[in-house]
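Structural description and commentary
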Amino acid sequence: MEHTLDQDNSFELPKVYAPSDVEEKIYNYWLSNHFEQSCPDSREPFVIVIPPPNITGALHMGHALNNTLQDVLIRYARMKGYNALWVPGTDHGGIATQNVVEKLLLKEKKTRHDLGRKKFLDYMWEWRKQTGDTILNQLQKLGCCCDWSRTRFTMDEICSLAVNKAFIKLFNEGYIYRGERIVNWCPRCHTAISDIEVEYKEQKSYLWFIKYPLKNADSENKYIVVATTRPETMLGDVAVSVNPKDGRYKNFIGRKVILPLVNREIPIIADELIDMEFGTGAVKVTPAHDLVDFQIAQNHKLVVNLKVVDENAKMINVGKYTGLDRFECRKQVIADLETLGLVEKVEDYKHSVGFCYRCNTVIEPLTSDQWFVKMDKLAEKAIQSIEKGEVVYYPENWKEHTLRWLKNIKDWCISRQIWWGHRIPVWYCVDLVKTEKLKNLTEEDLNNVPIKNYIKSSCPPIASVKKPSKCSCCGGTDFIQDPDVLDTWFSSSLWPFSVFGWGKEENNNEIDKLKNFNLELNYYYPTRVLVTGYEILYLWVARMIMMGLYFLNKVPFSEVLVHGIVRDMHGKKMSKSLGNVIDPIEIVKQYGTDALRFSVVSFAGVGKDIHLSEESFVSARNFMNKIYNMTRFILMNIEREQVYCIKNVTVDKMSIADNWILSELQNLVFSVQKNYEKYLINSISRDLFDFVWFKFCDWYIEIAKLRLSKNETETEKEQKVLTMSILLYILEQILKLLHPMIPFFTEHMWQKLQKLNLLNDKSESIMKSVFTEKVEIKFDSFSAQKFELIENIVKEIRSLRNNFKLQSNAKPEIIICGSDDVLDVVRQYEIYILRLGWVNRIRYNENKPSHSTTSIVKINFIAKTIELSMLLEGMIDIEKEKMRLKKEFEETKKFIVSLEEKLANDKFISCAPKDEIEKIKERYILSKESLGKLEKFILELER
RNA sequence: GGACGGUUGGCUCAGCGGUAGAGCAUCCGGUUCACAUCCGGAGGGCCACAGGUUCAAAUCCUGUACCGUCCACCA
């Protein structure tokens, strides 16, 4: 087993960083040292449970985003001294998974019914063994430091214990009931699904106005006209309903109509639920296929289960229409009604239609016997907790959304008529008489017979994992288990504690592994933060809160970090059918894992969707190369016999550049910590990018080169050691700061530096290093401020060079005029300007010759200006110079006017904060000074 | 029907009460001993629109438009 990484002792690195060469090695190094593992100790835990991906899943950008964020948080927490644990695992994925496997079977021209329940499940388990861990392996490629020794699966032994325990407890305490209700039925998946699993989409359709002939029609009123979008369901109508307040229909209430095509007599009733504005104000009531109609029919004690569409979406109980597909039947019904002259009109109509979120088939609402969880009391507890702030949402607005949903919660249909899942632990006492007829059937066959047909309806069902020994009601000893399985989200809702072995008590001796689970549950639960996209906030997150509170009396996590959805550049959700998918694995191949992670994290504003294209990753890839070369440069300048450490760095020997970069580092370190607390990961990545590239590389390293190249005198040697020590210190800090986002690169470099004994922090792996909360080198912040002088002068020189199209190798002379205090600093650090401005010589306080161009450089921190002239023999066009200066003169003048207005404004002086007024005053002085100088230059040119 | 979010340079986004920022793209110039996946410079925005609050508004409030999302018993 490989416990260390091979790193040679050389200070040289190849010219281009090749992530693919090192990533896998590094990941194996982590694994073999178990750095990602956690066990309870005296530290405070920081726990995340992964939103378990479906076993059918292949890593997509959404996973990349979701898991990178979690990995960043876990790595940061670990460096901050928490006992960090990230629990990985997968979800069995109920319907979705069964669909996938059924499709595979179909290729062999078989259905699940051909195999039968047992064989089919064997087949599924085998399939899951083969491919179910694909996505977890892909997470490893992403660099995720989950504790793999704790990998769970919602259908493994440990999680199943929790599922059974939870169901039985809820059942015995009266939260679970069975009842005939309208459910959302998917005719393709052949199961009920819950309300939130239905996806509504706008559809273009028609609104048909159908005349229902009145019984005992009078001359005035022959018909009542109803409007419907689903004419085929009229065959199952049990009434026509109007609003009791509707004047138009006052005389109709209580009368009867003859339902066309079936010639059934149905009443006209009045119900408040009817919207008078809609259609004709009269509505057909089809209780078996519409939720509202079901309620109305119940209110009026009408038949509620007159089903005309069956579980296959075929018509039943409707004479000649029986057996037709529902949409086929619609056409027939309309045709027949037209023949009878009963279609008054047809209007174009847009309305939303429910689709199965798993297979995109139009949902058929129908009455069915299902298991439900009573949600009101569970929700009430969750509402209180969220309102008390026991769970905090980032961003906050999801709190309100969740509360609103919880306050309007409906009972949760948890039974599914599929085979893949946790079989409902409920047993029915078998009616031997009824079963006599079924005697020759195997248990396999019994599964296909509605349980009503062979159970004793008088005996209550018993919730139990194992077959009960005796019926408490009739003493019978024959039982049959409910054939349905639980909604996949039922097991997911227990995830934050099922992964820690909640449910163990009942099975104490059965699984050795569970020995420590009580201890662990207490230590790790509740977890810290849940990271998820907003699309499963109700489906999953809210339910976890309810279950956590119910079973453990504690919310399962104190924070919810909500991120957005990954979309393409046109704002479309990425999907295979649209062909706009960007495969993270491809990006990894092309740009490296770190670049992928850094990109994704940079784009991910809290709660905001992110838009990606192939090009989105280029910038991060370039950044990786930049920091690679930055490291490479520093290593190139190492001298073996020297010792570099922060002890070599003393304030009195430091330059303004040293002080400046350390002060900038300090600001960075503070803001990074603050932003982690608010989960503003994208701000962190931006700040790091800016510091590293624009401050450290562009300025500090460039200046450091000066001192690194000189190595003769004792002072020079001392200066070189000091500079190298600072460079190495900052490099070390940059690596630590970046590590949570780009773990591979930073570990790679850490190992190298550690081996060369160049690090302050002696941790063997950067994963185990300690986050530096405050810069450990003392620096002088006043000196740091002075760096602005150098920066502004250099920028101005560069700008002038480009303006006058100077050859890149040309080294002009410049003249700088200003007050002594400023010039003292400039003189001291003249060498910086010579180098960065590519200037030959600087003269001070001399008169500028006519062949020069001049600019004003503003130095904000002391509110002074300096004059900067560049000598350009034969390159000056006096007229152009005048124009340039005049333009600047005018702009400055305008600006001064705006400042004067402010300062003359009494209200501004009395209302604005002091700092602000000071700032304006300084600006005013600065601009006045500039203006005077500009005027002088112009006059000189005109002479 | 309700609610939420977005609208900032050609593109992707940051800024969220005090003189408009970054990356990419564009243009100009570059083999100065880390990096052309680079270096230096430049152009480009009355911050969707209309009102209001404020000494001061891209930033707060109200309304409108467009885009996006979620929720609802749209028959």
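Before any of the text, the structure's been laid out above.
None of these values were measured; they are calculated from a predicted model. (Residues numbered from 1 in each chain as written. Chains lettered and ligands numbered in written order. Predicted model: local features only at pLDDT ≥ 70, side-chain atom pairs only at ≥ 80, totals over all residues. Heavy atoms only, no water.)

Looking now at the sheet that holds strand β13 (residues 343–356). Spatially, three strands are ordered β8-β7-β13 in an open sheet, and the strand pairing comes out antiparallel. Only two strands of the sheet have a single neighbouring strand rather than two, namely β8 (223–228) and β13. Averaged over all pairs of adjacent strands, the angle between strand axes in this sheet comes to 20°, irrespective of strand direction. Judged from the six bridges that link them, strand β7 (residues 198–213) and β8 form a sheet pairing that is antiparallel. When the bridges of β8 are listed, Trp 208 appears paired with Thr 228. (Pairing = 2+ DSSP bridges. Helix = DSSP H or I, 4+ residues; strand = E, 2+ residues; numbered from the N terminus. Axes fitted to C-alpha atoms, helices over the stretch in contact; angles between N-to-C directions.)

Turning our attention to empty space enclosed by the protein. Within this structure, the stated rule accounts for four cavities of 30 Å³ or more. Put simply, the largest cavity is a space of about 60 Å³. Surrounding the largest cavity, Gly 93, Gly 94, Ile 95, Ala 96, Glu 197, Tyr 357, Arg 358, Arg 416, Ile 418, Leu 486, Asp 487 and Thr 488 form its lining. Within this model, the second largest cavity holds a volume of roughly 40 Å³. What lines the second largest cavity is simply Leu 69, Leu 561, Val 562, His 563, Ala 604, Gly 605, Val 606, Gly 607, Tyr 679 and Ile 681. Top element by residues in the lining of the second largest cavity is strand β23 (residues 557–563). It accounts for three residues. (1 Å grid on protein atoms, 1.4 Å probe; cavity = no way out; pocket = protein on both sides within 12 Å on 5 of 7 lines; lining within 4 Å. Points joined across faces, edges and corners; volume = space filled by probe spheres on them.)

The environment of RNA strand B is formed by 56 residues, the closest being Val 283, Val 292, Ser 352, Arg 632 and Trp 838. Contact distances for RNA strand B include 3.1 Å between a phosphate oxygen and a side-chain N or O atom of Asn 622. Within the side chain of Asn 905, an N or O atom sits 2.9 Å from a sugar or linking oxygen of RNA strand B. Listed by contribution, the elements that provide at least two residues to the surface near RNA strand B are β8, β13, α11 (397–407), α20 (618–636), α22 (681–708), α26 (787–803), α30 (906–911) and α31 (914–942). At 10 residues, α20 tops the list of elements feeding residues into the surface near RNA strand B. A per-class count over the surface near RNA strand B returns 23 nonpolar, 15 polar and 18 charged. (Near = heavy atom within 4 Å. Polar contact = N/O pair within 3.5 Å; in protein donor to acceptor, adjacent residues only side chain to side chain. Nonpolar A, V, L, I, M, F, W, Y, C, P; charged D, E, K, R; others polar.)

On to unusual backbone geometry, then. A cis amide bond links Tyr 394 with the next residue in sequence, Pro 395, at an omega value of -5°. Within the secondary structure layout, Pro 395 lies in the loop between β15 (392–394) and α11. Along the chain, Tyr 525 connects to Pro 526 via a cis peptide bond; the corresponding omega equals 0°. Turning to its location among the elements, Pro 526 is positioned in the loop between α16 (517–524) and β22 (527–533). Phi is positive for His 34, close to 60°, though the residue is something other than glycine. Inspection of the secondary structure puts His 34 in the loop between α1 (19–33) and β1 (45–49).

For the rest of this paragraph, the subject is α1. Along its 15 residues, α1 runs 21 Å from first to last C-alpha, staying within 8% of the 21 Å computed at 1.5 Å per residue. Along α1, the residues classified as buried are Pro 19, Val 22, Glu 23, Ile 26, Tyr 27, Tyr 29, Trp 30 and Ser 32. Elements in contact with the buried residues of α1: α2 (61–79), α6 (134–141), α18 (584–591), α19 (593–603) and α24 (743–755). His 34 sits one or two residues past α1 and shows a positive phi near 60°. (Expected span 1.5 Å × (residues − 1). Buried < 20%, exposed > 50% of the residue type's maximum accessible area, 1.4 Å probe, protein only. Contact = heavy atoms within 4.5 Å.)

Before going further, it helps to examine the side chain of Glu 559. Mapped onto the secondary structure, Glu 559 falls in strand β23. Beyond its immediate chain neighbours, meaning those up to four positions away, Glu 559 contacts Val 392, Tyr 394, Arg 528, Val 529, Leu 530 and Tyr 679.

Let's shift gears to the packing of α2 against α19. It is the contact of α2 with α19, at a shortest axis distance of 9 Å, that shows an interaxial angle of 90°. It follows from the interaxial angle that α2 and α19 lie roughly perpendicular. Judged by residue contacts, Met 61, Ala 64, Leu 65, Thr 68, Leu 69, Asp 71, Val 72 and Arg 75 of α2 engage Leu 596, Arg 597, Val 600 and Val 601 from α19. For the contact of α2 with α19, a count of residues per class yields eight nonpolar, one polar and three charged. (Parallel < 35°, antiparallel > 145°, perpendicular 65-115°, else oblique.)

Scanning the model with the defined rule gives 43 aromatic pairs in all. Aromatic side chains Trp 405 and Tyr 538 sit 5.1 Å apart centroid to centroid with 10° between the ring planes, which places their arrangement in the stacked category. Here Tyr 538 lies in helix α17 (residues 537–552) and Trp 405 lies in helix α11, a separation of 133 residues in the sequence. Measuring from ring centre to ring centre gives 5.8 Å for Phe 497 and Tyr 525, while their planes differ by 85°; the resulting arrangement is edge-to-face. Of the two residues, Phe 497 sits in helix α15 (residues 495–498) while Tyr 525 sits in the loop between α16 and β22, which places them 28 residues apart along the sequence. With a relative accessible area of 0%, Phe 497 lands in the buried category. Of the residues examined, Tyr 525 reaches a relative accessible area of 4% and is grouped as buried. Cluster of aromatic residues (ring-pair linked, three or more members): Tyr 175, Phe 497, Trp 502, Tyr 525, Tyr 550 and Phe 551. In this structure, Arg 128 is placed above the aromatic ring of Phe 153, and the distance from its NZ or CZ to the ring centre is 3.9 Å. Positioned above the aromatic ring of Trp 838 is the side chain of Lys 811, whose terminal nitrogen or guanidinium carbon lies 4.4 Å from the ring centre. (Phe/Tyr/Trp six-rings, centres within 6.5 Å; stacked < 30°, edge-to-face > 60°. Lys NZ or Arg CZ within 6 Å of the ring centre and 35° of its normal.)

Spatial relationships are all this shows, so hold off on functional conclusions.
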